[in-house]
Amino acid sequence: MVEKIQVKSILNRHKLRDTWFLENYTLNPYLGCSFDCIYCYVHGSKYGEHVTNHLKVKANALEVLYRQLKNRAKNREYGIIALGSATDPYLYLEEELKLTQELLRIIHRFHFPLNIMTKSRLILRDMDILKKIDKNARLPDDLQRKLGRGLIISFSFSTMNHKLARIFEPAAPTPKERLQTMKKLADEGFKVGACLMPVLPFLSDTPEQLSYMIQSVKEHGGSFVLVGGLTLFGDKPSDCRTRYYNALREHYPDVLTKTEKLFGNSSYPPHRYQHDLAVRVKELCKEHRIKNTII
Ligand code: SF4
């Protein structure tokens, strides 16, 4: 079921630039996500409802973005727009609706730089307009020096193991497909990389798995890897904590016990876990000669 909604604003501005993804703005054409990753907190009561089968399209997105970017450009408030921060911009229905594609044309018209986050090969359809954004966008002075181009493309992975991906990302494009898409874009000269977010405790966060994933990103033309841990919210049936624990109960009961112990009553793994993960990733990135930051 797809519902059309009207929005007053589609471009959200941060007070400060995000230090990981470098964006000043976020933009999401859709609400909800049909890729249905069961660790994803877009689903469930944190955002008020179960949205896997109830997608919303921002029907007036084009006119609202046009107005908002025109104003920002007039005031020379250039900054990177993160496209897909809350939901994938290349959902299956985008193939028919072409809403993301039209938004890209507006972004290019006003010369804003972009960081696209996706799991989908549909991004290849928009190669021509993406090349123009990459070449013509206006960046803040410091990013012009350090980044020097208008487009970053980030593919997200929680695992590169096919079996795990089918369990935890049942409706998303396969990791293999994402890597192949990344390679095609890298071969076309784009700056591509990977967000290993979230890595799954005791499943895809082991040194061996992390090393394999980082090496794979490098081999497929990626120039950076960002890694983040899992967060688990809620206790209702559609909440990611419930869904994640149910999946572990069914497929990896031994991991369920360890994960429950790791999280306790918190939505986040302990600080120690996050620190150790960051240290491990830094070492592995050094070993595989790939950056653990975008710039
Ligand atoms: S693709 Fe991203 S937004 Fe969509 S369900 Fe998966 S994690 Fe959530």
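Residues numbered from 1 in each chain as written. Predicted model: local features only at pLDDT ≥ 70, side-chain atom pairs only at ≥ 80, totals over all residues. Heavy atoms only, no water.

Caption draft 1: Spotlight on the environment of Leu262. Looking at the element boundaries, Leu262 is found in helix H10 (residues 253–263). We classify Leu262 as buried; its relative accessible area is 18%. Between the C-alpha atoms of Leu262 and Tyr273, which are 11 residues apart in sequence, the distance is 8.6 Å. (Helix = DSSP H or I, 4+ residues; strand = E, 2+ residues; numbered from the N terminus. Buried < 20%, exposed > 50% of the residue type's maximum accessible area, 1.4 Å probe, protein only.)

Caption draft 2: Spotlight on the site of the ligand. Every residue near the ligand is listed here: Cys33, Phe35, Asp36, Cys37, Tyr39, Cys40, His43, Ala86, Thr87 and Lys119. Among the residues forming the shell around the ligand, the class breakdown is 6 nonpolar, 2 polar and 2 charged. (Near = heavy atom within 4 Å. Nonpolar A, V, L, I, M, F, W, Y, C, P; charged D, E, K, R; others polar.)

Caption draft 3: Region of interest: the pairing of strand E3 (residues 23–27). Of all 5 residues that make up E3, 5 are buried, and the element is covered over most of its length. With 4 bridges joining them, E3 and strand E6 (residues 80–83) adopt parallel strand pairing. Residue pairing across strands places Tyr25 opposite Ile81, the latter belonging to E6. (Pairing = 2+ DSSP bridges.)

Caption draft 4: Main features of the pattern of salt bridges. Tallying each qualifying case throughout the model produces 12 salt bridges. One salt bridge connects Asp36 with Arg243, and the closest N-O pair in it is separated by 3.0 Å. Of this pair, Asp36 sits in the loop between strand E4 (30–31) and strand E5 (55–58) while Arg243 sits in helix H9 (residues 240–251), and the two are 207 residues apart along the sequence. The class of Asp36 is buried, set by a relative accessible area of 14%. Across the pair Arg125 and Glu94 runs a salt bridge whose closest N-O atoms are separated by 2.6 Å. Here the residue Arg125 occupies a position in the loop between strand E7 (114–118) and helix H4 (127–136), and Glu94 occupies one in helix H2 (residues 94–97), the gap between them amounting to 31 residues. Residues joined by salt bridges that share partners form a network here, namely Arg13, Arg72 and Glu77. (Salt bridge = Lys/Arg side-chain N within 4 Å of Asp/Glu carboxyl O.)

Caption draft 5: Representation of the sheet that holds strand E8 (residues 151–157) in the model. The strand order across the open sheet built from 7 strands is E2-E3-E6-E7-E8-E9-E10, with neighbouring strands paired in mixed fashion. Strands at the two margins of the open sheet, each flanked by one partner only, are strand E2 (11–13) and strand E10 (225–227). For this sheet, the mean inter-axis angle between neighbouring strands, taken without regard to orientation, is 25°. (Axes fitted to C-alpha atoms, helices over the stretch in contact; angles between N-to-C directions.)

Caption draft 6: Expanded view of the nonpolar core. In terms of nonpolar packing, the biggest core is built from 84 residues, with Phe168, Leu196 and Tyr244 touching the most fellow members. Excluding residues that lie within four positions of it along the chain, Leu196 makes contacts with Phe157, Met160, Met213, Ile214, Val225, Leu226, Val227 and Gly228. Residues Phe21, Leu139, Leu143 and Cys195 belong to the second largest nonpolar core, which totals 13 residues. (Core = buried A, V, L, I, M, F, W, Y, C linked by side-chain atoms within 4.5 Å. Contact = heavy atoms within 4.5 Å.)

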